[in-house]
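# Summary of the model geometry
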Amino acid sequence: MNDITRPVPVVRLRVPTEADAREWHRVFDDPDVMEFHGGPAPLAEYEELTARQRAHAAELGFCLWTMLDADDEVIGFTGAQPWPHTSFGPVGEIEIGWRLGRAHWGRGYVTAAAHATLERVRAAGVPTVVAMVDARNDRSTAVARRLGMELEETFLTPVGKREAYRFRLRLDRP
């Protein structure tokens, strides 16, 4: 089915709760989901990540939101945050990102939620967002392109020396 005729799925975004750390851990505890993110992560990483996102939401008005389907099941996250690294990449910029549980791939959830993210980030006054994508991750590359993002740079990651892409989208233009 092509993207033009596919119905937009129902997806709701919320600021991650403390309980969402366990849900993110459960949904992402899959080697396929974490293939481009260093493999499955311990619960403590999600506890720190969701706490950081609650702080971003309070301070910035945006974060990596928990993504819920029509049945209010946690299926992943999408949103934006300040680039979390200081030693490489787009230091000081806002990165849009997404991660989805394997059982929900191919249904349009990420694209729908990422469009909602762009509107929320634009409303918060962010002029530009970037997306950092492993070059082997065809699914995420496709989402970035569906969002209208332009490939800005190809680079090697500092850890693992893998090829990656930086996409950019200007939000301050019509």
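Look above for the structure.
Described in the following lines is the structure provided in the data block. Computed from a prediction, not measured in an experiment: that's the story for all the values here.

This paragraph deals with the pattern of salt bridges. One pass over the full model with this rule turns up 12 salt bridges. In this structure, E93 and R168 form a salt bridge, with 2.6 Å as the shortest nitrogen-oxygen distance. Of the two residues, E93 sits in the loop between β3 (74–82) and β4 (94–100) while R168 sits in strand β7 (residues 163–170), which places them 75 residues apart along the sequence. Under the relative-accessibility criterion, E93 is labelled partly exposed at 22%. Salt-bridge contacts for R162 lead to D134; the nearest nitrogen and oxygen are separated by 3.0 Å. With R162 in the loop between β6 (150–156) and β7 and D134 in strand β5 (residues 128–134), this pair connects stretches of sequence that are 28 residues apart. Overlapping salt bridges bring together E93, E152, E153, R166 and R168 as one network.

A few words now on unusual backbone geometry. One non-glycine residue, D72, lies in the positive phi region at around 65°. Considering the arrangement of structural elements, one finds D72 in the loop between β2 (64–68) and β3. By relative accessible area, D72 is classed as partly exposed at 46%. A positive phi is found at K161, a non-glycine position, where the angle reads about 50°. Structurally, K161 can be placed in the loop between β6 and β7. Owing to a relative accessible area of 57%, K161 belongs among the exposed residues under this scheme.

Conventions and cut-offs
Residues numbered from 1 in each chain as written. Predicted model: local features only at pLDDT ≥ 70, side-chain atom pairs only at ≥ 80, totals over all residues. Heavy atoms only, no water. Salt bridge = Lys/Arg side-chain N within 4 Å of Asp/Glu carboxyl O. Helix = DSSP H or I, 4+ residues; strand = E, 2+ residues; numbered from the N terminus. Buried < 20%, exposed > 50% of the residue type's maximum accessible area, 1.4 Å probe, protein only.

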